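Spelled out, the chains give:
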Amino acid sequence: MKKTLLIAAVFFSGQLIAQDAKMNAFITGLMSKMTLEEKIGQLNLITPGSGIPTGSVVSTDVEGKIKSGKVGGMFGVIGAEKVRQAQDMAVNSTRLKIPLMFGSDVIHGHKTIFPIPLGISCSWDTALIRQSAIVAAEEATADGLNWVFSPMVDVARDPRWGRVSEGSGEDPFLGAQIATAMVKGYQGTSLSDKKTVLACVKHFALYGAPEGGRDYNSVDINRTRMFNDYLAPYKAAVDAGVASVMTSFNDIDGVPATGNKWLLTDLLRRDWKFNGMIVSDYTSVNEMVNHRLGNLQEVSAQSIRAGLDMDMVGEGFLTTLKKSLDEKKITLADIDRACRKVLEAKYKAGLFEDPYRYIDENRKNEILTQSKRDFARMIAAQSFVLLKNNANALPIKKTQRIALVGPLANDRSNMLGTWAVSGDPQLSVSVMEGLLKQTASPVNIAYAKGANITDDPSLAKQANVFGMRAEIDERTPAAMLEEAVAIARSSDVVVVVVGEASEMSGEAASRSDITLPASQVRLLHALYATGKPVVVVIMSGRPLALTNIVDGASAILHTWHAGIEAGNAIADAVYGAVNPSGKLSMSFPYSVGQVPVYYAQKTTGRPMDPNNKFSTKYMDVPNGPLFPFGHGLSYTQFTFSDVQLSASSMTAAGAITASVTVTNSGFRDGAEVVQLYIEDKVRSITPPSKELKGFQKIMLKAGESRTVRFTIDASVLKFWNADMKFVAEPGAFGVGIGGSSADLKTALFTLTK
Ligand code: BGC
C-alpha cells in the first residue's frame, strides 16, 4: 500500500515537473517575441470604472490600451458578453494575441451573496466555508471571470476598523484554517477547470492592524508579534497553493508593503516559496508618493525591484518603467520576472489554450439558481451567533403575535453587507418577508420602523455612497417611536431588528464609536420599558459595543449582514427550524475604550487583581470583553466532562491526546464547536494568555454524548522566539477545552527535553 502511494506521489510530482517545464518553455518562447512595451503592458491591471471604484482614479481609454497591448488584465468587467468584447480586443487586435485575465472582488459570493466573511467565519465550519468558495467560483466563472480578489485573511483585533467585516476575525489559527478552505474551494484541483478561479490572498501584510482602527493608517508591529499573531493565515493560503497575492496599503517597518523587498521577496518568495503572481492593491504603488517615498517613477521602480509583478489601476509601471530601465534604476530581469509571473497565471488558468474558456453565455443559468440561494440561506443561518437567550425567549412559536420593529426589519438594501460588488440588494429577502412566510398567520406580524438607522445626516450620507442604505424618515423620531411602542404593547413578543447599515463597515468605514447609533438605543429602551419580551436581532459588519442595550434584551441574535437570503435564514433561526451554532470569531468589547480587546492578550507583569490598585485594569470598565471569542449559545445546552490526557508529559518528537466528552443535555438537537486552547506556562518571550490550537464542530442529538479527541504535538506548541526561530520550549503547558474561550475545562502536561 505504502509503496503504491509512494509510486503515485513520485509519478504525480514527475507530472508536475513536466507540466512546469512545458509552461516555462511556452512562456520563454512567447517572451522572446515580446517587445519591452509589450512586457510592461502585461503588468498593467485596469478597471473601466463600472463596479465600485475604491480609489480616486479609474482607467481611461481602455479600448485603445487593450488594442495596443498595454493591458494584462481587467477587473470590474462582469458578464460573459462584456468580457468577450474585451477578450476579443486582446486576442484579435494585439500583435501577440495574449489573452487578458478578468478579476473581481468576489468576497462573499458573486451574485448569490452569502453572509459577510466575518459572519461566515463564525460558523467555524471549514467544509462549509470551502463549499461557499466552490459555489462562488462556479457563479463567477459563469459570469466570465477567472480571478477573484479573495480570500481576505487580515487578522484584526480592532473593531473600529471597518474591514473586519471582510476577514475571519482576531485569531491566526482559525484564520489560517479558513484561508486554506477558501483557497482550496476557489481553485479546486485544477486552475484551468472552467469552474475554478485563481484566488488572490490579501492584503499582504498586516493590513488588519492600522493604528487607531482607521483605514489605510500606518501599522507598527514587532517581528515576533507579526510572526506569532498575524502572518499564519497568509502563509496557510500560500501553502494551499494560492495563485496570487495582493499587497496591502500599509507600511511595515516604515516601508509600504507594495514596495517592501523584505516582505515580497525575502519572506514571501524566498522563505515561503511562493511562486505565483504578486499584484498591488488599488493604486497602492502611486500611494507610496503620499507615503513620501519619492515620485511616481521612483516608487514604481522600488515596487518592481521589491518583487511586485502587477500594478493595479495606477499605471505607474506602464508610464515609468521604461524610463527607469533606461536610467538603470531597474533591470530587464526585473521586468522579465514580473511579466513571466503574469503570463504564468494566465497559462495556469488555461487562457493560452483557450482565451474564451470562462466566457460562455450559456452558463447564465448557473447564476442565482435556487440551489445557490438555498446554500446561501443555509450558510447564513450557520453564521448567526446567539449572544443571549434568557428563559428560552428564542425560538418563537409560529402562533405568537410578533411586533416586528426596527430600521432593518423591513429592509432589503442592507442585507447583502459590504463588498457585494455584483450583488443586487433588491433580490434579497427582508426579515419581514422571511417571517411572513413562516408565521402561522400573517396577522401575527405587525410592523413599525420605530427609528432610523441613524438620525445623523452626516453618518447617513456616508453610508449612502453606493445607494440608499440609511434613509432618514420624514416622520419625527418621536412619532416613529410611539408607533413602535403601541404595536409592541399589543404583541406577545417584540422582535427588533437593529444594527449598522451595510456601508457603515467595510473599506474606508472606520468608526470611533461602535455602539448602536443613538436613535436605535432609544428605540430599544422604549421597547424594554413595555415589559414585553424583546428579542433583539442585530446586523452589523463588525463587533459592536452592546453594553448599553444588553441588559433589557430577552435574547440577542447577532446575524451580521447575512446575504441574499438573510430574511429567510433569520426566520429559520427565530422560529427554531435552525438551532444557532455560530461562535464569535472576534471579541465584542465592553466599551470601545478597551480596544484592542481579544482573548489571547498577554497576562502582564501585574495581572488583574480587583484588590490591588497597582494591577492592570481600568477604573471604569472590566478588562474583559462583553462577549468573548468563541462564545455563542444554542437552543440546547452542552456539558463538558473533565479533560483527559493520554499522558502527563511528552517529548518534542511525541504527542499526547486530549479528550473530553461532550453531552447535549438539553431537549433539542444542536451543534457545538469544541475548542482547544493551549497555555504556555513558561517561555522565553511573553506568551498570549492562551491560544486556539484546534476545534471540531460536532452535531449532537438531544441527550447524545460524544468523546472528542485532539492530538497535541510539538507543532501546536511552537512559536517564534526572540531569535526568530520557530521552537517549542520544554516546560509546563495548560490545555483548555470548551465551548468558549472563557469557559474551559483544563489539564496540565509537561514538554520534556
Ligand atoms: C481594496 C481591495 C480590492 C481592490 C479592488 C481596494 O481598494 O483594498 O481589497 O480588491 O480595491 O477592488
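Residues numbered from 1 in each chain as written. Predicted model: local features only at pLDDT ≥ 70, side-chain atom pairs only at ≥ 80, totals over all residues. Heavy atoms only, no water.

Peer 1: Which residues make up the overall build of the protein, and what values do they have?
Peer 2: Secondary structure assignment for the protein yields 21 helices and 27 strands. Relative to its length of 753 residues, the protein is compact, with a C-alpha radius of gyration of 26 Å against a globular reference of 27 Å. Across its three principal directions, the C-alpha atoms of the protein cover 80 × 70 × 55 Å. Within the protein, buried positions represent 60% of all 753 residues. Partitioning the contacts of the protein with sequence separation of at least 6, the portion at a separation of at least 24 is 78%. Summing over all exposed atoms, the protein offers an accessible surface of approximately 28,500 Å²; the carbon and sulfur share of this is 53%. Of the side-chain charges in the protein, 79 are positive and 75 negative, and the distance between the mean point of each set is 4 Å. (Helix = DSSP H or I, 4+ residues; strand = E, 2+ residues; numbered from the N terminus. Rg over C-alpha atoms; globule rule 2.2 N^0.38 Å. Buried < 20%, exposed > 50% of the residue type's maximum accessible area, 1.4 Å probe, protein only. Contact = heavy atoms within 4.5 Å. Areas by Shrake-Rupley, 256 points an atom, 1.4 Å probe, with all protein chains shown as cover. Lys, Arg positive; Asp, Glu negative; His and termini not counted. Charge placed at Lys NZ, Arg CZ, Asp CG, Glu CD.)

Peer 1: Explain helix H8 (residues 223-230) to me, and be specific about the residues and the numbers.
Peer 2: An α-helical segment advances 3.6 residues per turn. Residues three or four places apart therefore align on the same side. Here H8 has its buried residues at Met226, Phe227, Asn228, Asp229 and Tyr230. On its buried face, H8 is in contact with helix H7 (172-187), helix H9 (232-239), strand E7 (251-252), helix H10 (261-271) and strand E24 (719-720).

Peer 1: Tell me what's going on with the domain arrangement of the protein, and back it up with residues and numbers.
Peer 2: Each domain of the protein was delimited in the assignment, giving domain 1 (1-33), domain 2 (34-104 + 279-348), domain 3 (368-594) and domain 4 (638-751). Using C-alpha coordinates to define each centre, domain 3 is positioned 35 Å away from domain 4. On the side of domain 4, 9 residues touch domain 3, which itself brings 6 residues to the contact. Each partner contributes to the roughly 540 Å² buried at the junction of domain 3 and domain 4, and carbon and sulfur atoms together form 40% of this total. Looking at the side of domain 3 facing domain 4, the largest losses of area belong to Asn579, Ser581 and Lys583, adding up to 75% of the total buried there. Scanning the region where domain 3 abuts domain 4 turns up 1 salt bridge. Of the charged contacts, one joins lysine 583 and glutamate 672 as a salt bridge, the two residues approaching to 2.9 Å between their closest N and O atoms. Here domain 3 and domain 4 share 6 residue pairs in polar contact (both at pLDDT 80 or more) between them. Of the residues that constitute the side of domain 3 that touches domain 4, the class distribution is 1 nonpolar, 4 polar and 1 charged. (Domains from an automatic or database assignment. Buried area = accessible area lost by both parts, 1.4 Å probe. Salt bridge = Lys/Arg side-chain N within 4 Å of Asp/Glu carboxyl O. Polar contact = N/O pair within 3.5 Å; in protein donor to acceptor, adjacent residues only side chain to side chain. Nonpolar A, V, L, I, M, F, W, Y, C, P; charged D, E, K, R; others polar.)

Peer 1: Quick one: what's the story with helix H15 (residues 370-383), residue by residue and with numbers?
Peer 2: Here H15 contains 14 residues, and its C-alpha end-to-end distance of 20 Å stays within 8% of the 20 Å for a straight helix at 1.5 Å per residue. By the burial criterion, the buried members of H15 are Lys372, Arg373, Phe375, Ala376, Ile379, Ala380, Ala381, Gln382 and Ser383. Contact partners of the buried residues in H15: helix H5 (117-121), helix H6 (126-142), strand E11 (385-389), strand E16 (555-558), helix H21 (566-574) and strand E22 (691-700). (Expected span 1.5 Å × (residues − 1).)

Peer 1: Kindly report on the packing of helix H12 (residues 296-306) against helix H13 (residues 316-326), identifying the contributing residues and their values.
Peer 2: Orientation of H12 relative to H13, taken along the N-to-C sense of each, is 85 degrees, at an axis distance of 9 Å. The orientation of H12 with respect to H13, classified from their angle, is roughly perpendicular. Within the contact between the two elements, H12 uses Leu296, Gln297, Ser300, Ala301, Ser303 and Ile304 and H13 uses Gly316, Phe317, Thr319, Thr320, Leu321, Lys323 and Ser324. Of the residues contributing to the contact of H12 with H13, the split by class is 5 nonpolar, 7 polar and 1 charged. (Axes fitted to C-alpha atoms, helices over the stretch in contact; angles between N-to-C directions. Parallel < 35°, antiparallel > 145°, perpendicular 65-115°, else oblique.)

Peer 1: Give me the sheet that holds strand E2 (residues 73-75): which residues, what numbers.
Peer 2: Reading across the sheet, the 5 strands line up as E4-E3-E2-E1-E10 and stay open at both edges, with parallel pairing between neighbours. The sheet is open, and its two edges are formed by strand E4 (147-148) and strand E10 (311-312), each paired on a single side. Two strands pair when backbone bridges link them, and strand E1 (residues 44-46) and E2 are joined in this way by 2 bridges, in the parallel orientation. Note that in E2 the partner of isoleucine 46 across the bridge is methionine 74. (Pairing = 2+ DSSP bridges.)

Peer 1: Can you tell me about the pattern of salt bridges, naming the residues and giving the values?
Peer 2: Enumeration over the complete set of coordinates arrives at 41 salt bridges. With a closest N to O distance of 3.2 Å, lysine 341 and glutamate 344 form a salt bridge. Of the two residues, lysine 341 and glutamate 344 are both situated in helix H14 (residues 332-348); the distance of 3 residues between them amounts to about one turn of the helix. For the pair formed by lysine 341 and glutamate 344, the shared burial category is buried. What you see here is one network of salt bridges that share partners, running through Glu138, Lys195, Arg363, Glu366 and Lys372.

Peer 1: Outline the packing of aromatic side chains, listing residues and values.
Peer 2: Scanning the entire structure with this criterion turns up 22 aromatic pairs. Centroid distance phenylalanine 26 to tyrosine 347: 5.5 Å. Interplanar angle 45 degrees. Geometry classified as tilted. Placement of phenylalanine 26 in helix H1 (residues 2-33) and of tyrosine 347 in helix H14 is noted, with a sequence separation of 321 residues between them. Using a relative accessible area of 35% as the deciding quantity, one classes phenylalanine 26 as partly exposed. (Phe/Tyr/Trp six-rings, centres within 6.5 Å; stacked < 30°, edge-to-face > 60°.)

Peer 1: Let's hear about the nonpolar core: which residues, and what values?
Peer 2: Ranked by size, the top nonpolar core spans 167 residues in total, and within it Met74, Trp147, Phe204, Val496 and Val536 carry the most contacts. Formed by 40 residues, the second largest nonpolar core is a distinct cluster that contains Ile445, Val493, Ala501 and Ile570. (Core = buried A, V, L, I, M, F, W, Y, C linked by side-chain atoms within 4.5 Å.)

Peer 1: Give me the lowdown on the sheet that holds strand E9 (residues 277-279), citing residues and values where you can.
Peer 2: Across a sheet, strands are paired by hydrogen bonds formed along the backbone, either parallel or antiparallel in direction. One open sheet accounts for 3 strands, arranged E5-E6-E9; its pairing is parallel. Looking at the sheet topology across the chains shown, the edges are occupied by strand E5 (200-204) and E9. Strand-to-strand, the axes of this sheet are offset by a mean angle of 25 degrees, without reference to chain direction. When strand E6 (residues 244-247) meets E9, the two strands line up parallel, connected through 3 bridges. Note on E9: the bridge partner recorded for valine 245 is isoleucine 278.

Peer 1: Could you give me a rundown of the side chain of asparagine 250, with the residues and numbers involved?
Peer 2: Within the element layout of this structure, asparagine 250 appears in the loop between E6 and E7. Looking at asparagine 250, the relative accessible area reads 1%, which means it is buried. At a separation of 3.0 Å, a polar atom in the side chain of asparagine 250 contacts the main-chain carbonyl oxygen of alanine 205. There is a polar contact of 2.8 Å between the side chain of asparagine 250 and the side chain of serine 248. Beyond its immediate stretch of four places on either side in the chain, asparagine 250 contacts Ala205, Leu206, Tyr207, Asn217, Val219, Val255, Pro256 and Ala257.

Peer 1: How would you summarise unusual backbone geometry if you had to cite specific residues and measurements?
Peer 2: For the bond running from phenylalanine 204 to alanine 205, omega is 5 degrees, close enough to zero to count as cis. If you trace the backbone, alanine 205 turns up in the loop between E5 and H8. Note that the residue after leucine 394, namely proline 395, is joined by a cis bond; omega there is -5 degrees. If you trace the backbone, proline 395 turns up in the loop between E11 and strand E12 (402-405). The phi torsion at lysine 97 lies on the positive side, around 55 degrees, for a residue other than glycine. Within the fold, lysine 97 resides in the loop between helix H4 (80-93) and strand E3 (101-104). In this structure, lysine 328 is a non-glycine residue whose phi angle is positive, near 60 degrees. With respect to the secondary-structure elements, lysine 328 resides in the loop between H13 and H14. The exposure class of lysine 328 is exposed, given its relative accessible area of 73%.

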